[in-house]
Amino acid sequence: MKFDFTTETPEVRYRLLSNFVGPRPIALVSTTGKNGPNAAPMSFFNVFSHDPAILILGIQKRLDGRDKDTVANIQSTGSFVVNMVDMAIAEGMLICGLPFEPGVDEIATAGLTKRPGVHVPVPSIAESPCVMECITQEVIDYGRRDHSGQGRAHGRPRRLP
Ligand SMILES: Cc1cc2nc3c(=O)[nH]c(=O)nc-3n(C[C@H](O)[C@H](O)[C@H](O)COP(=O)(O)O)c2cc1C
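By convention here, each chain's residues receive numbers from 1 onward along its written sequence. With the structure being a predicted model, the display of local features is reserved for residues of pLDDT at least 70 and the display and counting of side-chain atom pairs for 80 or more, all residues being used for whole-chain, interface and lining totals.

1. Structural notes on the site of the ligand
Selection criterion: Nearness rests on one distance test: the residue's C-beta atom, set from the backbone, must lie within 6 Å of the molecule or strand. A run of H or I in DSSP counts as a helix once it spans at least four residues, and a run of E counts as a strand once it spans at least two, with each numbered from the N terminus. Lys, Arg, Asp and Glu make up the charged group, whereas Ala, Val, Leu, Ile, Met, Phe, Trp, Tyr, Cys and Pro make up the nonpolar group; the residues left over, Gly among them, are polar.
The environment of the ligand is made up of 16 residues, and the closest members are Ala40, Phe44, Lys68, Thr70 and Gly97. Going through the elements one at a time, strand 3 (36-42) and helix 2 (69-77) are the ones with two or more residues in the shell around the ligand. Classifying every residue of the shell around the ligand gives eight nonpolar, six polar and two charged.

2. Here's the deal with helix 2
Put simply, the test is: Field definition: a residue is buried when 20 or more other C-beta atoms are found within 10 Å of its C-beta, exposed when 12 or fewer are, and partly exposed for counts in between, with C-beta atoms placed from the backbone. Throughout, a pair of residues is in contact if the C-beta atoms placed from their backbones lie within 7 Å.
Along helix 2, the positions that sit buried rather than exposed are Asp69, Thr70, Val71, Asn73 and Ile74. Residues of helix 2 that are buried in the fold lie against strand 2 (27-33), strand 3 and strand 6 (79-84). Looking one or two residues beyond helix 2, the residue adopting positive phi is Gly78, at roughly 70°.

3. Notes on the confidence of the model for the protein
Where we set the bar: Think of pLDDT as the predictor's per-residue confidence, scored from 0 to 100.
Looking at the protein, pLDDT values average 87 and 88% of them are 70 or higher. Between the elements of the protein, mean pLDDT differs from a low of 62, seen in strand 10 (residues 159-160), to a high of 98, seen in strand 7 (residues 114-115). Confidence drops under a pLDDT of 50 for residues 147-155, and excluding neighbours within four residues, the segment shows eleven contacts in the predicted structure.

4. Focus: the sheet that holds strand 2
Where we set the bar: Should DSSP find at least two bridges between two strands, the strands are taken to pair. Axes, fitted as lines to C-alpha atoms, cover a helix only where it is in contact. Angles between the N-to-C directions of the axes lie from 0 to 180 degrees.
Strand order in the open sheet formed by four strands is 3-2-6-9, and the pairing between neighbours is antiparallel. For this open sheet the edge positions go to strand 3 and strand 9 (131-135), each flanked by a neighbour on one side alone. If you compare each strand with its neighbour and ignore which way they point, the axes differ by 25° on average. Taken together, the five bridges between strand 6 and strand 9 define a ladder with antiparallel strand orientation. Within strand 9, the residue paired with Val81 across the bridge is Glu133. Contacting strand 2, strand 3 and strand 6, helix 2 crosses the sheet at an angle of about 55° to strand 2.

So, in structure tokens, the structure goes:
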């Protein structure tokens, strides 16, 4: 089968992209901001480089076009924590992924425990098997759900194959 990324719908592109790399690790990304602590699962996530050490997150907009709390918080504090997910916290991770309004503490709502950050003003999740505190290097805005959007091209897929 052949697919043209320039003509497929966003839904089809999502399915193609999210199944292209597997299995997919899930980062439960904790942040904080004017509305307090926050956590959201991100599967558009990976380690990206070791020298310099870089992790990358792919954070979409909300369906109504507003920024998700995670990206708003990352922009306001310049930091975030990646908490890896195992089966023990899988259910809590899914609860954190529900579309709560700003101001809802997903970590507490999911029954998870906040641990104060060591080098960043962001709590990690105590139940996570391993966490990484991160300083934001760059936030790139690619535009909303529009393949021809305004962002700079960083290896954006066009075709499969
Ligand atoms: C398993 C899983 C993986 C997800 N991966 C992503 C992702 O990579 N990027 C993204 O923008 N949203 C992803 N989401 C959806 C966000 O977690 C969801 O929109 C969340 O409500 C955002 O919360 P926030 O507004 O507190 O940042 C994922 C959800 C789940 C359950």
